[in-house]
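Given next are the chains, with one letter for each unit.
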Amino acid sequence: MSLIAIDARSIAVFSIFIAIIMSSTMVYILRARKTFRGFGVWTASSIIYCFGQVFFSLQGIAPAWLGIVAANAIMILGFQFILRGIWRFGESEPGIAIDMGIVAYVVASQIVF
C-alpha cells in the first residue's frame, strides 16, 4: 500500500488552476450575457483570489512577507470583493472605507504576529 503525500504547495497550485478556469468562465459570462448587479465584482474577486493563491504557493521560495502577509492580504481583499458584490446585488452599498479598514486590520495583524 502506498501513501501519497500532498503538501500545501500542491494544493495551492491545484487551486490556482481551478481559479483560472472559474475566472475565465466568469469573464466569458460577463462579456457574453446580461448579468445581474454584482457579478462583475464577483468575477474580479475570483481573479484576485487566484493571485492570492499564487503568492501562497511561493511560501518557502519567496520571502515570508510575500508568501504569507501578501498572500493573506490579497485573499482577504478577494473575500471583501465577494462581500462588495453581495452588497451591490442587494442594492445596499456602504462606503469603501469598511473594506479597506478590514484589509488594513488583517495586514497589520499579520505583520505584528
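In this convention, every chain numbers its residues from 1, walking through the sequence in written order. Only residues with pLDDT of at least 70 are given local features in this predicted model, and only at 80 or more are side-chain atom pairs given and counted; all residues enter the totals for whole chains, interfaces and linings. As a rule here, side-chain values cover all heavy atoms of the structure and leave hydrogens and water aside.

Please set out the overall build of the protein residue by residue, giving values where relevant.
A run of H or I in DSSP counts as a helix once it spans at least four residues, and a run of E counts as a strand once it spans at least two, with each numbered from the N terminus. Within the protein, the secondary structure is distributed over four helices and zero strands. For the C-alpha atoms alone, the extent of the protein along its principal axes is close to 50 × 40 × 25 Å. Looking at the 113 residues of the protein, the share that counts as buried comes to 28%. Taken as a whole, the protein presents about 7600 Å² of accessible surface, with 73% of it coming from carbon and sulfur. Neither His nor the chain ends contribute to the count of charged residues, in which Lys and Arg are positive and Asp and Glu negative. Positions of charges follow a simple convention, taking NZ of Lys, CZ of Arg, CG of Asp or CD of Glu. Taking the average place of the 7 positive charges on the side chains of the protein and the average place of its 4 negative ones, the gap between the two points comes to 9 Å. With a 1.4 Å probe rolled over the protein chains alone, any residue whose accessible area is under 20% of its type maximum counts as buried; one over 50% counts as exposed, and the rest are partly exposed. Surface accessibility follows the Shrake-Rupley procedure with a 1.4 Å probe radius. Residue values consider only the protein chains on display as shielding.

I'd like a rundown of the environment of Glu93, residues and numbers included.
With respect to the element layout, Glu93 can be found in the loop between helix H3 (64–89) and helix H4 (96–112). Along the primary structure Glu93 and Leu83 are separated by 10 residues, whereas in three dimensions their C-alpha atoms are 9.9 Å apart. When near neighbours in sequence (up to four residues on either side) are disregarded, Glu93 contacts Arg37, Arg84, Trp87 and Arg88. Whether two residues are in contact is decided by their heavy atoms, any of which lying within 4.5 Å being enough.

For the packing of helix H2 (residues 39–57) against H3, give the residues involved together with the corresponding values.
Relative orientation of the contacting elements H2 and H3 amounts to 170°, with a least axis distance of 8 Å. One way to sum up the angle between H2 and H3 is to call them roughly antiparallel. By residue class, the composition of the contact of H2 with H3 is 17 nonpolar, six polar and two charged. The convention used is that axes are lines fitted to C-alpha atoms, helices contributing only their stretch in contact, and that angles between N-to-C directions extend from 0 to 180 degrees. When describing relative orientation, an angle under 35 degrees is termed roughly parallel and one over 145 degrees roughly antiparallel, while 65 to 115 degrees is termed roughly perpendicular and anything else oblique. Three categories are distinguished: nonpolar for Ala, Val, Leu, Ile, Met, Phe, Trp, Tyr, Cys and Pro, charged for Asp, Glu, Lys and Arg, and polar for the others, with Gly belonging to the last.

Lay out the confidence of the model for the protein with the relevant residues and their values.
Per-residue confidence for the protein averages 86 on the pLDDT scale, and 97% of its residues sit at or above 70. Known as pLDDT, the predictor's per-residue confidence is scaled from 0 to 100. Of all the helices and strands in the protein, H4 carries the lowest mean pLDDT, 81, while H2 carries the highest, 91.

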